[in-house]
Structures are given as structure tokens and as C-alpha cells.
Amino acid sequence: MTQENYDVIVIGGGAIGLATAYHLGKRNAKTLVLEQFTFVNQLGSSAGVSRQFRIPYPQEYMVQMALDAEPYWDELQKQTDTQLLDKVGTLWFGDPNVHSTEGNIAEAEQALKALNVPYTTLTSKEIEEKYHFRNLPETYTGLFQPDGASINFKATIETLLDLCKKSETVDLEENSPVLKIEQMGDLFEIITPNGSYITKKLAIIPGPYINSVINLLDFKIEATYWNMSSAYFKKTDPNIQYPTWFVFQNAIGENGNQFYGFPSVDWDHPEYIRVAPDFVITPLEEPSDRTLIPNQQELEYTSEWIKNHMTGLNTEPEYTSTCLIALSKIANKELLIDFAPNYVPNHKNIVLYATGWAAKFTPFLGKVMTDLVLDGHTNFDITPFQLGRKYFKAL
């Protein structure tokens, strides 16, 4: 039976979907969030407990986006007594010639300078002395940016979910995968196992499951999928603390050689440090290939790097986690934010976000998506993220 009409239906109830619904609620838009699993699940890109907030990027527009996100984090923090960001700083270090999934150290310095963002340059020796690393090649350089933080991502999602539940104009439906999207003139009928719903506008934000939704509109995004591994290593020295960090290194053979890590925090195994590889040995073809078990070889590479280059930690992990991420094959793993392509009927009333690492932008992206879907535009320049025909493939 067809249920009541909505101004906006948000497809995907992860972090950014809930942030969008939260901002839609603030504008009194009658909103429905459809989540195919349960809320706060471990099956998509919102899995795990923590993420990094950082400002360094090799592109000025990405640095600007991180700066733009800060006041939205401040606003969200006022809505909860739980600390959402633990500001410990961002440390980037390694081979200055390496270009990785995160960018390049020298290019990041240029972008930070251009936007007058404070940071400190570091030699290999200074990195060892200040931040507890060891046996680094003398050629390594680094930068430290003090505004970096560890995000309590689970608490962020729970805060947004609670705010949506309290909103008078936001409805939430879990275990509701979208089976069909029917065009009804200027409206859409969204069909799920639990009922069908009518809406004027669609915000499609299902994380790595993007194609399972937009295939219903006869197009898809060319993406690859990473089942990212992560592990927790017990501190042998309780006084040692790390910032959030990322090391830039050339690959060894066919395998990645780039790692990142977090501080110990009260809300995520407090006596442990999380360290993870920023590569996968075998990308997935489809999200359905995902497993909750980390790749053992990736964890072994991580343990070996800790043994050689970190201090105050056991080198065998005691806890592990995984996270599924979709990365655009064409857009250099950038975020994709845009309206549906113009050959899709009623495309100006369909907004989507897809691919890339975006947890650090969560509350800000919710605002951007809200403005796009309600107003048809946003004050934030989405030009670098727009899809364009080359990123789409019609079915």
C-alpha cells in the first residue's frame, strides 16, 4: 500500500545519509531515510569506530573543504555530551617523492601555504624524536598540522541518528532496501519490501552500494571496492601517545607499503593503538564479495612495519576490523557529488554522493547534500566533484 508523501527520500542511512537527514530536518523538509540493513551497522563504509579528521591535502579545494567542515563539527558537538573529535594533530611523513592514495607531502605543503593553514615541517630525525617512530630513512621528511583529530565515528553516527529520531519531520526505516524506483511525472515512487513511498526529490547516499540503487535508474558509476583491514596493537608503554599519522612509501614488489594510524582513545580499546594498511592486495569486483575477516597478509605487512618503525607497541594485533569502501576508477578516487546525469528523467531532483573517503566531512556533506536537493545549488563549489558523462555508464 502506498504510504504518505515526502519532500525528500534519503537512500542510505550511514553517516552521510543521516547527516543529510539531520540538515533536512532543520529545514523542516518532510524526510524519509531508507536503510537496507540496520542503522549503525558494520556492513558499509561507516563500519568501525574511528576515523581521521585532517586538513592536509595535495589540492587546495580539498584543504578548503576540510576547513569548511570544521564549524559543522563544532555545531554537531553542541548536540551531544560525547566527545566526537580528539584533537591530536595530523602527522604526514615519508618519502617526499611518493604520490599515494592520500596525495604527496610537498604538494600538501603548497596547498596549506596557499590557504594560510599553520603547519610545521619536520626532518626524519625530528619525527623520530617527537613522535616515537624509529629507523626511518634519513631522506624522509614530514609535516605536522595541529588541527588533525581522531573522530569517534560510531558516536557521530549515533548522535546523528538520535537527532533524526527527535526531528518532527524525519522518518527512519531500516531493513528497507530499495527494490524499484518508478517515475510518476514529477514524482518518484520508491518500492521496498516494507511498502512504497512517494517523494518529490531523492538523495542517493548508499556508500559502496551506490550501483545497486542507481542501476534502478539505468546508469552506474565505474568503481572498485576495497575491503580495508585494520588492527589494534596493545601499548607496552602506557605513556606513549601518537597523533593521527600517515606514512608515504614506495610499494614493495606488487604490494602496498603505506600505513596510517591513530592515537589511543578512551572510546575505542583505550590501551591500544590502531594501525592499518592503506592498500588492499586484492580489490573486490562487487560489494557482495566483502568479508568481515581482514586479509591476513595485509595484517602481516602492518605488524612488520610496526616492528621495524614504531615504539611502545606489541607487534601482534589483538583486535581487528574491516571497512568496505568504493573508489571511483576514473576520478582518482575523489568524492563524487552531483545530480543524476541529464538522460535520467527528472534528473534535477536526484542528488547523489558516491565513492571516496569522506568521514571527515560528514556533517558538512550533510549540509551540501541538503542544499543541492532542496535548492538545486549549494554555496560550496562542487565543480571538482561533479560527475560528468565520463564518470557514468548508461545501462
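Nothing here was measured: the structure is a model prediction, and the numbers come from that model. (Residues numbered from 1 in each chain as written. Predicted model: local features only at pLDDT ≥ 70, side-chain atom pairs only at ≥ 80, totals over all residues. Heavy atoms only, no water.)

K.L.:
Can you lay out the overall build of the protein chain for me, pointing to particular residues and giving the numbers?
P.N.:
Looking only at helices and strands, the protein chain features eight helices and 21 strands. In terms of overall dimensions, the protein chain is globule-like: its C-alpha atoms have a radius of gyration of 21 Å, near the 21 Å expected for 395 residues. Structurally, the protein chain occupies a C-alpha span of about 65 × 40 × 40 Å along its principal axes. With 395 residues in all, the protein chain has 58% of them scored as buried. A separation threshold of at least 6 residues defines the contact pool for the protein chain, and within that pool the share at least 24 residues apart is 73%. Accessible surface computed for the protein chain: about 16,300 Å², of which carbon and sulfur atoms make up 46%. (Helix = DSSP H or I, 4+ residues; strand = E, 2+ residues; numbered from the N terminus. Rg over C-alpha atoms; globule rule 2.2 N^0.38 Å. Buried < 20%, exposed > 50% of the residue type's maximum accessible area, 1.4 Å probe, protein only. Contact = heavy atoms within 4.5 Å. Areas by Shrake-Rupley, 256 points an atom, 1.4 Å probe, with all protein chains shown as cover.)

K.L.:
Can you tell me about the pairing of strand β14 (residues 223-234), naming the residues and giving the values?
P.N.:
β14 sits mainly inside the fold: eleven of its twelve residues count as buried. In terms of strand pairing, β14 meets strand β18 (residues 319-328) through ten bridges, oriented antiparallel. The residue of β18 that forms the bridge with Tyr 232 is Tyr 319. Taken together, the four bridges between β14 and strand β17 (residues 272-277) define a ladder with antiparallel strand orientation. Along β17, the bridge assignment pairs Tyr 232 with Arg 274. (Pairing = 2+ DSSP bridges.)

K.L.:
Account for the nonpolar core, naming residues and giving values.
P.N.:
With 71 residues, the main nonpolar core has Met 65, Ile 337, Tyr 353, Phe 361, Leu 365 and Phe 385 as its most contacted residues. Looking at which domains feed residues into this core, each of domain 1 (8-46 + 154-220 + 331-394) and domain 2 (90-146 + 224-328) gives three or more. With residues up to four places along the chain from it excluded, the contact list for Phe 361 reads Tyr 57, Met 62, Met 65, Ala 66, Ala 69 and Leu 335. In this structure, Leu 336, Ala 340, Val 344 and Leu 387 belong to the second largest nonpolar core, which totals 25 residues. (Core = buried A, V, L, I, M, F, W, Y, C linked by side-chain atoms within 4.5 Å. Domains from an automatic or database assignment.)

K.L.:
Break down the sheet that holds strand β4 (residues 85-87) for me, citing the residues and quoting the values.
P.N.:
Reading across the sheet, the three strands line up as β3-β8-β4 and stay open at both edges, with antiparallel pairing between neighbours. The open sheet has two edge strands with one neighbour each: β3 (50-53) and β4. Here the average twist between neighbouring strands, direction ignored, is 25°. By the bridge criterion, four bridges tie β3 to strand β8 (residues 149-152) in an arrangement that is antiparallel. What sits directly across from Gln 52, in β8, is Ser 150. Here helix α2 (residues 60-77) sits on the sheet in contact with β3, β4 and β8, set at roughly 130° to β3. Against the sheet, helix α5 (residues 153-166) makes contact with β3 and β8, and its axis sits at roughly 45° relative to β8, the strand it touches most. (Axes fitted to C-alpha atoms, helices over the stretch in contact; angles between N-to-C directions.)

K.L.:
Tell me about the domain arrangement of the protein chain, and name the residues and values.
P.N.:
The domain boundaries assigned to the protein chain delineate domain 1 (8-46 + 154-220 + 331-394) and domain 2 (90-146 + 224-328). Of note, the centres of domain 1 and domain 2, computed from C-alpha atoms alone, are 30 Å apart. Taken together, the contacts link 15 residues of domain 1 with 14 residues of domain 2. Summed over both partners, the interface of domain 1 with domain 2 comes to about 1,300 Å²; 63% of that surface belongs to carbon and sulfur atoms. (Buried area = accessible area lost by both parts, 1.4 Å probe.)

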